[in-house]
Amino acid sequence: MQQFVIEGGKKLSGEVKIAGAKNSALPIIAASLLTDKKVVLENIPDLIDVRTMIELIQHLGADVIFNHHVLKIHTSKIKKIDAPYDIVRKMRASYYVLGALLARVKKAKVSLPGGCAIGPRPIDLHIKGLRTLGASIEIKDGFINAHTRKLLGHEVNIEGPKGTSVGATINVMIAAAQAKGETIISPAACEPEVIDVANFLNATGFDITGQGTHRITIKGKSSATDVKYSIIPDRIEAGTFAAAAAITRSSITIQDCCPDHLTSILDKLEEIGVMVERGEDNIVVHGTRRLHATNIFVTTYPGFPTDMQAQFMALLSIVPGTSTVKETIFENRFMQALELMRMGADITIEGDTAVINGVNKLSGAYLMASDLRASAALVLAGLVAKGKTVVRRIYHLDRGYEKFETKLRRLGAKIKRQSE
Ligand code: UD1
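1. Some points on the nonpolar core
Formed by 76 residues in total, the largest nonpolar core has its most connected members in Leu41, Val97 and Met173. Among all residues touching Val97, those that are not within four sequence positions of it are Ala30, Leu33, Met53, Leu56, Leu60, Ala83 and Val110. Leu269, Ala354, Leu411 and Ala413 belong to the second largest nonpolar core, which has 72 residues in total.

Listed below in structure tokens is the structure:
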């Protein structure tokens, strides 16, 4: 296993380029299974999760070439209909092949993903949505067994106790692309990645409108065309670098991003005193001023994203005053707090709310990463901590950040990767 070793206290400067969005790439790669036409995807990040999704579609019959962030996919025939446990356990987003397989070959067998470190992550809403389109689904021996004679367009309500679901909205949208008739998903998730999948499907010849609102309409179509599509920049990677500038009190330029997708994150940075210049496809972040405490309410887009909560907790732990972070999407997403406390942070968890009393400094420590975004938070804390920080189990981080330490090093951070 690998770990990062960080010498804290270095200022950052310069420019960092943002990769394509992981959470767009994964469902779009799965959605490519809908068609026997040629699919070319540009700006695909080279991540462990992307490699896992490629492995899965190859298993199902796709021919794939992946080079320099361009992914060419051709699935002339679906050869298998199962997503095995060994792949799904590595990456929950494997469930996106469920909608695509049901649409294309009318059957699918996908291993149940199980829980994960950030709390229970049921997929009941995916199943409910696909059933509404006419799929018969039964859970047996740890697998979701699904089949249908024909998917039929329908009104689909997949709102859960925590609000809309990104994954269920996308899975139903993929399945409905070829269903007979019209499907309306309401309320639908309106995250930028949902819009990206819809735009990809439209570029492929399908007919989706309303993406980006809470009501998506899909008119089923059976034909598709060859497609070349470039995916959006990763807003969470961009947000993480913005937080890196803020926590190290540095100025950096974040290039190749979409500032509009980052509004809630950048607004929050400005609120605490960070200066942000928003360009068309770049952001300049000046974390050099005196910062002050804030309250964060994590919710669905366009609200503050759960995937940025851990990084902001690290930042707020060294901002004077008392801040709070209320997490409303996932039940157990404060795993980073205990590790930050080992570095000297003053954090109390009360149910779904973390109360953070800013301290003057963090001290380097040996830390254990627990999930993807928590890992990023610990690295950010390490950048500003006094002395040496070792972040172990960074395979979590490699799932979602391309060349994270290389990008940080180019900005001036002292961070290296080594075997544990
Ligand atoms: C996606 C993102 C993840 C992000 C999350 C919320 C991907 C690969 N992952 O995850 O990075 O943190 O959106 O923005 O895109 N829920 C149910 N039943 C379901 C599905 C979800 O109860 O069938 C609940 C979840 O447990 C959670 C909430 O709904 O409490 C939102 O989850 P959802 O939006 O579905 O997240 P994911 O698509 O899994």
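2. Points about the packing of helix H1 (residues 22-31) against helix H7 (residues 192-203)
At their nearest, the axes of H1 and H7 sit 9 Å apart, and the two run at 30 degrees to each other. Comparing the axis directions of H1 and H7 gives the class roughly parallel. Once H1 is placed against H7, the crossing between them reads as right-handed. For the pair H1 and H7, the contacting residues are Asn23, Ser24, Pro27, Ile28 and Ala31 in the first and Glu193, Asp196, Val197, Phe200 and Leu201 in the second.

3. Quick notes on the site of the ligand
Around the ligand, the surrounding shell holds 18 residues, and the nearest of these are Asp124, Leu125, Ser165, Asp307 and Ile329. Backbone polar atom of Pro122 to an oxygen atom of the ligand: 3.2 Å apart, as the coordinates give it. Between the ligand and Ile329, the relevant distance is 2.5 Å, taken from an oxygen atom to a main-chain nitrogen or oxygen of the residue. Protein contacts shield 90% of the accessible area of the ligand, which totals 730 Å² for the unbound molecule.

4. A closer look at the pairing of strand S8 (residues 136-140)
Relative to strand S9 (residues 143-147), S8 runs antiparallel, the two being bridged by five bridges. The residue of S9 that forms the bridge with Ser136 is His147. The turn linking S8 back onto S9 is made up of two residues, and Asp141 within it adopts a positive phi angle of 50 degrees.

5. A closer look at the sheet that holds strand S6 (residues 82-83)
Within a sheet, neighbouring strands are paired by backbone hydrogen bonds and run either parallel or antiparallel to one another. Read from one edge to the other, the open sheet built from four strands follows the order S6-S7-S9-S8, with strand pairing classed as mixed. Across the chains shown, the open sheet's two edge strands, defined by having one partner strand only, are S6 and S8. Two elements, S6 and strand S7 (residues 107-111), share two bridges in a ladder whose sense is parallel. In the strand pairing of S7, Asp82 is matched with Lys109. Together, S6, S7 and S9 form the strand contacts of helix H4 (residues 96-105), whose direction differs from that of S7 by roughly 160 degrees.

6. Describing empty space enclosed by the protein
Considering all chains together, one arrives at one cavity of 30 Å³ or more under this definition. Reported here for the largest cavity is a volume of approximately 30 Å³. Together, Lys22, Asn23, Glu193, Asp234, Ile236 and Arg373 line the largest cavity. In terms of residue class, the lining of the largest cavity is made up of one nonpolar, one polar and four charged. The two domains that each donate at least three residues to the lining of the largest cavity are domain 1 (2-19 + 233-419) and domain 2 (22-230).

7. A look at a positive patch on the surface
Judged by side-chain charge, Lys10, Lys388, Lys414 and Lys416 come together as a positively charged surface patch. Structurally, Lys10 can be placed in the loop between strand S1 (2-7) and strand S2 (15-17). Owing to a relative accessible area of 39%, Lys10 belongs among the partly exposed residues under this scheme.

8. Let's talk about the pattern of salt bridges
Evaluated as defined, the whole model comprises 19 salt bridges. Ionic pairing is found between Glu15 and Lys17, a salt bridge with its closest N-O pair at 3.8 Å. For Glu15, a relative accessible area of 45% translates into the label partly exposed. Its salt-bridge partner being Glu420, residue Arg392 comes within 3.5 Å of it at the nearest N-O pair. In this pair, Arg392 sits in strand S23 (residues 388-392) while Glu420 sits in the segment after strand S24 (414-419), placing the two residues 28 residues apart along the sequence. For Arg392, a relative accessible area of 32% translates into the label partly exposed. In this structure Glu420 comes out as partly exposed when scored by relative accessible area, which is 39%. Residues joined by salt bridges that share partners form a network here, namely Lys22, Asp49 and Arg399.

9. With respect to the domain arrangement of the chain
Per the domain assignment, the segments of the chain are domain 1 (2-19 + 233-419) and domain 2 (22-230). Domain 1 and domain 2 are separated by 30 Å when their C-alpha centres are compared. If you look at the interface, domain 1 gives 24 residues, while domain 2 gives 21 residues. Roughly 2000 Å² of surface becomes buried between domain 1 and domain 2 when both sides are summed, with 53% attributable to carbon and sulfur atoms. Three residues stand out in domain 1 for area buried against domain 2, namely Tyr301, Arg399 and Glu402, and they jointly supply 30% of the buried area on that side. Put simply, domain 1 and domain 2 have two salt bridges between them. In this structure, Glu193 engages Arg235 in a salt bridge whose closest nitrogen and oxygen atoms are separated by 2.8 Å. In this assembly, domain 1 and domain 2 are joined by seven residue pairs in polar contact (both at pLDDT 80 or more). In the side of domain 1 that touches domain 2, the residues fall into eight nonpolar, six polar and 10 charged.

Rules used throughout
- Every residue gets a number counted from 1 within its own chain, in the order that chain's sequence is written.
- Residue-level local features of this predicted model are given only where pLDDT is at least 70; pairs of side-chain atoms are given and counted only at 80 or more, and the full residue set underlies all totals for whole chains, interfaces and linings.
- Hydrogens and water molecules were not included; the side-chain quantities draw on all heavy atoms of the structure.
- Put simply, a nonpolar core is a bunch of buried Ala, Val, Leu, Ile, Met, Phe, Trp, Tyr and Cys residues held in one set by side-chain atoms that sit within 4.5 Å of each other.
- In this scheme, a residue with accessible area under 20% of its type's maximum is buried, one over 50% is exposed, and one in between is partly exposed, where area comes from a 1.4 Å probe on protein chains only.
- What makes two residues a contact is simply this: any of their non-hydrogen atoms within 4.5 Å.
- Note on geometry: axes are lines fitted to C-alpha atoms, helical ones only across the stretch in contact, with angles between N-to-C directions running from 0 to 180 degrees.
- Helix and strand labels come from DSSP, where a helix needs a run of H or I of at least four residues and a strand needs a run of E of at least two; each type is numbered from the N terminus.
- Throughout, the term roughly parallel applies to angles under 35 degrees, roughly antiparallel to angles over 145, roughly perpendicular to angles from 65 to 115, and oblique to all others.
- If you view the pair so one helix is near and one far, a crossing is left-handed when the near helix is turned anticlockwise from the far one by less than a right angle, and right-handed when it is turned clockwise.
- By convention in these notes, a residue is near a molecule or strand provided one of its non-hydrogen atoms lies within 4 Å of it.
- Pairing of N or O atoms within 3.5 Å defines a polar contact, subject to two protein rules: one partner must be a possible hydrogen donor and the other a possible acceptor, and residues neighboring in sequence count only if both atoms are side-chain atoms.
- Note that accessible areas follow from Shrake-Rupley with a 1.4 Å probe, and for residues the cover is restricted to the protein chains shown.
- Strands were regarded as paired on the criterion that DSSP finds at least two bridges between them.
- Residues are said to line a cavity or pocket when one of their atoms sits within 4 Å of a point; the points come from a 1 Å grid over protein atoms alone, cavities being sets where a 1.4 Å probe fits but cannot get out and pockets being open sets with protein on both sides within 12 Å along at least five of seven lines.
- Grid points are joined across faces, edges and corners, and a volume is the space filled by probe spheres set on the points.
- Asp, Glu, Lys and Arg are counted as charged, while Ala, Val, Leu, Ile, Met, Phe, Trp, Tyr, Cys and Pro are counted as nonpolar; the rest, among them Gly, fall into the polar class.
- Domain boundaries shown here were taken from an automatic or database domain assignment.
- The patches described consist of residues with a relative accessible area above 30% and no salt bridge, like charges being joined within 9 Å and nonpolar side chains (Val, Leu, Ile, Met, Phe, Trp, Tyr) within 5 Å.
- Salt-bridge detection follows one rule: a side-chain nitrogen of Lys or Arg within 4 Å of a carboxyl oxygen of Asp or Glu.
- When charges are counted, Lys and Arg contribute as positive and Asp and Glu as negative, whereas His and the chain ends are disregarded.
- Charged groups are reduced to one reference atom each: NZ for lysine, CZ for arginine, CG for aspartic acid, CD for glutamic acid.
- As used here, buried area is the combined drop in accessible area, with a 1.4 Å probe, of two parts when they are placed together.

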